[in-house]
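One letter stands for each residue in the lines below.
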Amino acid sequence: MSYEAAERTGLEIAVVGMSGRFPGAKSVAEFWDNLAAGREGIRTFSEEELLAAGIDPSIVSHPDYVKARGALDDVDRFDAPFFGFSRREAEITDPQHRLFLECAWEALESAAYDPRAYEGSIGVYAGSSASNYAARAWSSREVRENLGWFQVMLANEKDYVATRIAYRLNLRGPCLTVQTACSTSLVAVHLPCRSLLGGECAMALAGGVSAGMGDRAGYLYQKGGIASPDGHCRAFDAGAAGTVGGSGVGVVLLRRLEDAIRDGDHVHAVIRGSAINNDGARKVGFT
């Protein structure tokens, strides 16, 4: 891809690294292959799978229960020693934090940057869904007696997702946990663009995660709601009838385009500008 100097304003931001986990794809490359081949990542569960996952039999047999979700594989897997976690720390830490940490490292690695050797400052802007894992961790008698609630809270509170990444990877740039509901990940990309242009950091990780241990579940369809009646999501299609819930994580590594070109980085994409606002009360309802 060519970026002629005459076409640049100096405000462009380059995407130089990427990582992600998606339903039916363990990497960005696999996700792209699925898109190109038209393969759907949403999974349809059997009644046996749902009952084994603890779903109420009366819900499973309900005529409006859609047995589909975009589930992630291996959410319970984590290389604790690689990231300096003890076994107990890893066990009580929200899988969302663990997944984002893995993908943050992979995004840096895909761009050939080692945060331990890189001399410039690296920022991190991250958001996650609310944790449903703290109660699970707290249910362990050993955890309650030996660690206490404060340690469980630190390991699961979504406010700490960005700080945890910065601590584990020794990132010394701006560190912000971003929460704007459905727009979290895109806002988490917008904010570091401003920081990079303002000289607050030399590069920045940005993205979001939403995942849990209860992915093997469907949902009750409600007419007029946002959920699909048949468990399929038909984006930009005349047959679109709703969305399907799911899990996933995506992280990009950003730099100023001029810096990326100077250092010979592989540029996946260029952000030429971004902005955010809100429509206030100019909508039918809050949702």
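Keep in mind the model is a prediction, meaning the values are calculated, not measured.

Caption draft 1: Spatial organisation of the nonpolar core. Counting residues in each nonpolar core, the largest one holds 39 residues, and the members touching the most others are Phe 100, Leu 169 and Leu 205. Those elements that place two or more of their residues in this core are strand S1 (13-21), helix H5 (95-110), strand S5 (122-128), helix H9 (161-169), strand S7 (203-210), strand S9 (248-256) and helix H11 (257-262). Ranked by the residues each element gives to this core, the list is headed by H5, at 8 residues. Beyond its immediate sequence surroundings of up to four residues, Leu 205 is in contact with Ala 104, Ala 107, Leu 108, Gly 123, Val 124, Tyr 125, Leu 171, Val 251, Val 252 and Leu 253. Counting 15 residues, the second-largest nonpolar core is a separate cluster that includes Val 178, Val 187, Val 189 and Ala 204.

Caption draft 2: Structural view of the packing of aromatic side chains. All chains considered together, the criterion is met by 7 aromatic pairs. Ring geometry for Phe 22 and Phe 31: centres 4.3 Å apart, planes at 25 degrees, overall stacked. Residue class for Phe 22 comes out buried when judged on its relative accessible area of 19%. With a centroid separation of 5.4 Å and an interplanar angle of 85 degrees, the aromatic rings of Trp 138 and Trp 149 are classed as edge-to-face. Taken together, the residues span a long stretch of sequence, with Trp 138 in helix H6 (residues 134-138) and Trp 149 in helix H8 (residues 149-156) at a distance of 11 residues.

Caption draft 3: A look at unusual backbone geometry. For Asp 74, which is not a glycine, the phi torsion comes out positive at approximately 60 degrees. A positive phi angle, close to 65 degrees, is found at Ala 112, a residue other than glycine. On the secondary structure map, Ala 112 appears in the loop between H5 and S5.

Caption draft 4: Broad picture of the sheet that holds S1. Strand order in this open sheet of 6 strands is S6-S5-S7-S9-S1-S10, and the pairing throughout is mixed. Two strands in the sheet have a free side with no partner beyond their single neighbour: strand S6 (175-177) and strand S10 (269-271). The average angle at which neighbouring strand axes cross in this sheet is 25 degrees, direction not considered. Note that S7 and S9 share 8 bridges and pair antiparallel. Among the inter-strand pairings, Ala 206 is bridged to a residue of S9, identified as Val 252. Where helix H10 (residues 184-197) meets the sheet, its contacts fall on S1, S5, S7, S9 and S10, and the angle it forms with S7 comes to roughly 170 degrees.

Definitions and limits used
Residues numbered from 1 in each chain as written. Predicted model: local features only at pLDDT ≥ 70, side-chain atom pairs only at ≥ 80, totals over all residues. Heavy atoms only, no water. Core = buried A, V, L, I, M, F, W, Y, C linked by side-chain atoms within 4.5 Å. Buried < 20%, exposed > 50% of the residue type's maximum accessible area, 1.4 Å probe, protein only. Helix = DSSP H or I, 4+ residues; strand = E, 2+ residues; numbered from the N terminus. Contact = heavy atoms within 4.5 Å. Phe/Tyr/Trp six-rings, centres within 6.5 Å; stacked < 30°, edge-to-face > 60°. Pairing = 2+ DSSP bridges. Axes fitted to C-alpha atoms, helices over the stretch in contact; angles between N-to-C directions.

Any functional reading would require information that these geometric values do not contain.
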